[in-house]
Amino acid sequence: MDGAVAGLPMSRAGRGWLLPVCLGLALLTSADAAAGRQGVNLLEGDWAHFAGAVLTDAGVRVEGLGRAIVPTEDADDQTPVANPPINLRGPVLRVTGDFALSARLALPSDPGGAYLTLYGELPYNQDEWRQPGRAVTLGVEDDRLIVELQDGIADPQRHVYSLGGREAAVTLGLARLGDEFEVRIDDKTVATLADPGLFDAGRLRFGASATVGSSFVLQALTARALENGRVEAIEEGLPVVEGEPQSLRRLAKKHHPHLDIGTAVSPIPLFADDAYARLLAREFSMVTPENVMKFQFIHPQPDRYAFAEADAIVEFAEVNRMAVHGHTLAWKEALPRWVTQPSHSDERLRQILAEHIAAVVGRYKGRVRSWDVVNEPFEPFGAALRSGSPWYRAMGEGYIAFALRQAHRADPEARLYINDYALEHPGPKSDAMYALAKSLLARGVPLHGIGFQMHEDMTEDYQPVAASVFRDNVQRFIDLGLEVRISEMDVNLHEDDSEERLQDQAEYFRAMLELARDEPAFTAFSMWGFTDRYSSLQEWWDADGFGNGLIFDADYRPKPAYFSLRKALRE
Ligand code: XIL
């Protein structure tokens with residue numbers, strides 16, 4: 001096997017493209033075939049776009065990436081949460097009733113772990129925490145079988161069984177029989193466990209991972225329906241969405257072509273939630289990967305990159321004619337532990353950053369239009385540069401010019417930005433950013449623009465910065481010859497999302513968009529997501545809900561803010 005797996009074209013345009021993959025059809029009746037009782041071969045689907053996977057003649061080799069979500073700095077003592085890759089672009093198994101899955105794993109000669117995860121519901125990743133999905137993981141560690149059930153709420157239930165020795169290969173099976181799972185090794189049942197309804201949604205996706213430094217080969221992965229069940233494998237290509245004349249992107253293109261209308265985007269809903277993907281492509285002309293280009297996601301080990309999710313977003317953007325803004329290269333957050341470990345010399349850190357930028361920017365050369373090369377270089381409020389990052393510790397302030405130069409070398413056409421928050425109003429932080437930009441330009445450092453994040457709060461007692469104040473403050477950056485962009489706007493209403501507040505929110509979005517619309521130095525008006533269904537505000541302010549700072553609600557209904565943006569673009 002190389003890139004093209006038997007029978008399936010590797011990329012398809014259009015969604016809802018169904019492909020039941022059938023085996024041994026000739027021997028069975030058509031009713032059996034339709035129900036999937038003869039079995040479906042899930043390795044015939046797309047495993048080429050799966051992080052850590054290499055297609056070989058023997059099957060899919062899964063290499064250990066050790067990808068993890070690192071806790072925030074103030075929770076340094078906590079263990080990072082594993083973030084093993086999910087084959088988002090691969091086969092989806094539709095199931096009803098009883099069914100059986102079987103996986104043959106060729107194990108490495110080292111004692112390293114080999115894991116296959118069957119997701120009934122996908123997790124949702126932020127970059128300091130993850131909301132677990134519903135899943136079963138089957139794995140082999142040394143000479144033990146590990147079965148882990150995750151119901152999305154409680155801590156995972158872990159069961160360990162002896163394999164009675166470690167063979168070169170093992171066949172692991174999981175059958176759902178009514179409300180129980182039967183776990184099998186080489187066709188012998190070793191355990192029966194209660195099923196907390198993990199696959200009730202009727203769709204399964206697959207993920208796999210190995211211990212860092214180790215790998216195993218997934219030689220076979222099949223599913224078949226049992227007596228009263230039904231299984232079917234489907235594959236969904238990248239959705240391509242037709243234009244809609246009244247959409248934000250089309251209105252901007254027609255009336256204000258200097259301005260991209262952008263949003264942050266996450267790969268899990270992009271592939272698992274069709275409504276998300278369609279709305280995204282319909283309304284926006286630019287995407288910023290919210291988390292997956294951050295260091296810990298894309299570069300989990302010194303010698304390992306995990307580009308699959310970022311690739312998927314870039315390809316989605318390309319087929320839907322959207323621009324991509326890359327986020328982010330030199331930041332003090334979302335760094336894997338291998339970077340933050342204290343033993344690195346300054347020289348080594350310099351080398352790590354240089355290699356990282358060369359690899360990531362180089363991979364997307366000509367495809368990512370602009371980059372947040374440096375993110376949040378300043379302390380939250382005030383003029384001081386953040387001194388806590390490894391980059392600052394190794395190079396002092398010089399890391400900023402260094403990162404910009406490395407990015408420019410890797411893609412001389414890309415537009416390079418510094419991005420930060422609380423820069424909207426005049427004051428020490430904004431003054432310091434201005435002084436930094438001016439000095440970089442004077443030294444000939446390739447800096448092209450400044451990103452103003454604009455994460456705003458709006459309550460009865462608190463009004464965010466007025467558009468006129470921002471307008472005045474941004475002018476001095478434009479006068480330096482820089483581009484500017486609103487890069488991460490959201491307007492958090494906190495607990496009060498009454499009709500009145502939603503109108504205020506709409507007015508505020510409109511005022512900021514008008515400002516960007518009327519000033520050609522603005523290249524983008526970009527929001528930090530578009531639906532409250534998947535909003536980063538959940539974590540920060542509203543543990544029980546999804547926040548309310550974006551222009552579509554959690555059911556994808558447009559809020560007044562959406563209509564006010566449309567109106568502003570029509571003028
Ligand atoms: C946020 C993401 O939205 C969250 O999912 C993550 O948990 C934390 O980071 N400024 C930035 C973004 O530049 O990278 C941050 O994104 C939001 C603030």
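Shown above is the structure to which this text applies.
A brief look at the structure comes next. Keep in mind that this is a model prediction, so the values were computed, not measured. (Residues numbered from 1 in each chain as written. Predicted model: local features only at pLDDT ≥ 70, side-chain atom pairs only at ≥ 80, totals over all residues. Heavy atoms only, no water.)

1. As for unusual backbone geometry
Line of reasoning, step 1. Here the bond from His327 into Thr328 is cis, since omega is 0°, no more than 30 degrees from zero.
Line of reasoning, step 2. Even without being glycine, Asp142 reaches a positive phi, approximately 55°.
Line of reasoning, step 3. The topology assignment puts Asp142 in the loop between β11 (134-141) and β12 (144-150). (Helix = DSSP H or I, 4+ residues; strand = E, 2+ residues; numbered from the N terminus.)

2. Here we look at the environment of Gly547
Line of reasoning, step 1. Its place among the elements puts Gly547 in the loop between α14 (537-541) and α15 (560-570).
Line of reasoning, step 2. Between the C-alpha atoms of Gly547 and Met512, which are 35 residues apart in sequence, the distance is 20 Å.

3. A short note on the packing of aromatic side chains
Line of reasoning, step 1. What the rule picks out here adds up to 20 aromatic pairs.
Line of reasoning, step 2. Ring pairs connect the aromatic residues Tyr124, Tyr276, Phe284, Phe530, Tyr534, Phe552, Tyr562 and Phe563, which therefore count as one cluster.
Line of reasoning, step 3. The ring centre of Tyr421 lies 4.0 Å from the NZ or CZ of Lys429, which sits over that ring.
Line of reasoning, step 4. Against the face of Tyr417 rests Arg485, its NZ or CZ located 5.7 Å from the ring centre. (Phe/Tyr/Trp six-rings, centres within 6.5 Å; stacked < 30°, edge-to-face > 60°. Lys NZ or Arg CZ within 6 Å of the ring centre and 35° of its normal.)

4. Describing the packing of helix α13 (residues 499-517) against α15
The angle between the axes and the distance between the axes are what describe a pair of packed helices.
Line of reasoning, step 1. Remark: α13 packs on α15, axes separated minimally by 8 Å, with the N-to-C direction vectors making an angle of 30°. With respect to their mutual orientation, α13 and α15 come out roughly parallel. α13 and α15 meet at a crossing whose hand is right-handed. Counting all contacts with α13, which are made through Glu499, Leu502, Gln503, Ala506, Phe509, Arg510, Leu513, Glu514 and Arg517, the residues of α15 involved are Pro560, Ala561, Ser564, Leu565, Ala568 and Leu569.
Line of reasoning, step 2. When the residues that make up the contact of α13 with α15 are grouped by side-chain class, the tally is 9 nonpolar, 2 polar and 4 charged. (Axes fitted to C-alpha atoms, helices over the stretch in contact; angles between N-to-C directions. Parallel < 35°, antiparallel > 145°, perpendicular 65-115°, else oblique. Left-handed = near helix turned anticlockwise from the far one by under 90°. Contact = heavy atoms within 4.5 Å. Nonpolar A, V, L, I, M, F, W, Y, C, P; charged D, E, K, R; others polar.)

5. Observations concerning the sheet that holds strand β19 (residues 230-234)
Line of reasoning, step 1. Within the open sheet, the 7 strands sit side by side as β13-β12-β11-β8-β17-β6-β19. Their pairing is antiparallel. Each of the sheet's edge strands pairs with one partner strand only, and the pair in question is β13 (157-162) and β19. On average, each strand axis in the sheet is inclined to that of its neighbour by 20°, with strand direction left out of account.
Line of reasoning, step 2. Of the pairings in the sheet, the one linking strand β8 (residues 114-121) to β11 comprises 7 bridges and is antiparallel in character. (Pairing = 2+ DSSP bridges.)

6. Quick word on helix α10 (residues 398-410)
The periodicity of an α-helix, 3.6 residues per turn, causes residues three or four positions apart to be oriented the same way.
Line of reasoning, step 1. If you check α10, its first and last C-alpha atoms are 19 Å apart, about what 13 residues at 1.5 Å a residue would give, namely 18 Å.
Line of reasoning, step 2. Those residues of α10 not exposed but buried are Tyr399, Ile400, Ala401, Phe402, Ala403, Leu404, Gln406, Ala407 and Ala410.
Line of reasoning, step 3. Turning to α10, the residues buried within the fold contact β22 (323-330), α8 (346-363), β23 (370-375), α9 (390-395), β24 (415-420) and α11 (428-442). (Expected span 1.5 Å × (residues − 1). Buried < 20%, exposed > 50% of the residue type's maximum accessible area, 1.4 Å probe, protein only.)

7. Notes on the packing of α8 against α10
Line of reasoning, step 1. Where α8 meets α10, the closest approach of the two axes is 8 Å, and the angle between their N-to-C directions is 35°. Read as a crossing pair, α8 and α10 show a hand that is right-handed. Residues Arg350, Leu353, Ala354, Ile357, Ala358, Val361 and Gly362 of α8 form the contact with α10, whose own contacting residues are Phe402, Ala403, Gln406, Ala407 and Ala410.
Line of reasoning, step 2. Grouping the amino acids of the contact of α8 with α10 by side-chain chemistry returns 9 nonpolar, 2 polar and 1 charged.

8. Side note on the side chain of Asp420
Line of reasoning, step 1. Among the structural elements, Asp420 can be located in strand β24.
Line of reasoning, step 2. On the basis of relative accessibility, which here comes to 0%, the residue Asp420 falls in the buried class.
Line of reasoning, step 3. Here Phe378 takes part through its backbone nitrogen, which lies 3.2 Å from a polar atom of the side chain of Asp420.
Line of reasoning, step 4. Apart from residues no more than four positions distant in its own chain, Asp420 is found in contact with Glu376, Pro377, Phe378, Lys429, Met433, Gly451, Phe452 and Gln453. (Polar contact = N/O pair within 3.5 Å; in protein donor to acceptor, adjacent residues only side chain to side chain.)

9. Some points on the pattern of salt bridges
Line of reasoning, step 1. Summed over all chains, the structure comprises 32 salt bridges.
Line of reasoning, step 2. In this structure, Arg158 engages Glu148 in a salt bridge whose closest nitrogen and oxygen atoms are separated by 3.8 Å. One end of the pair, Arg158, is in strand β13; the other, Glu148, is in strand β12, with 10 residues separating them in the sequence.
Line of reasoning, step 3. When its relative accessible area of 24% is taken as the criterion, Glu148 is described as partly exposed.
Line of reasoning, step 4. Here Arg415 and Glu483 are joined by a salt bridge, their closest N and O atoms 2.7 Å apart. Remark: Glu483 occurs in strand β27 (residues 483-492) and Arg415 occurs in strand β24; sequence separation between them is 68 residues.
Line of reasoning, step 5. Look at the salt bridges and you will find they share partners, linking Asp273, Arg533, Asp553, Asp555 and Arg557 into a network. (Salt bridge = Lys/Arg side-chain N within 4 Å of Asp/Glu carboxyl O.)

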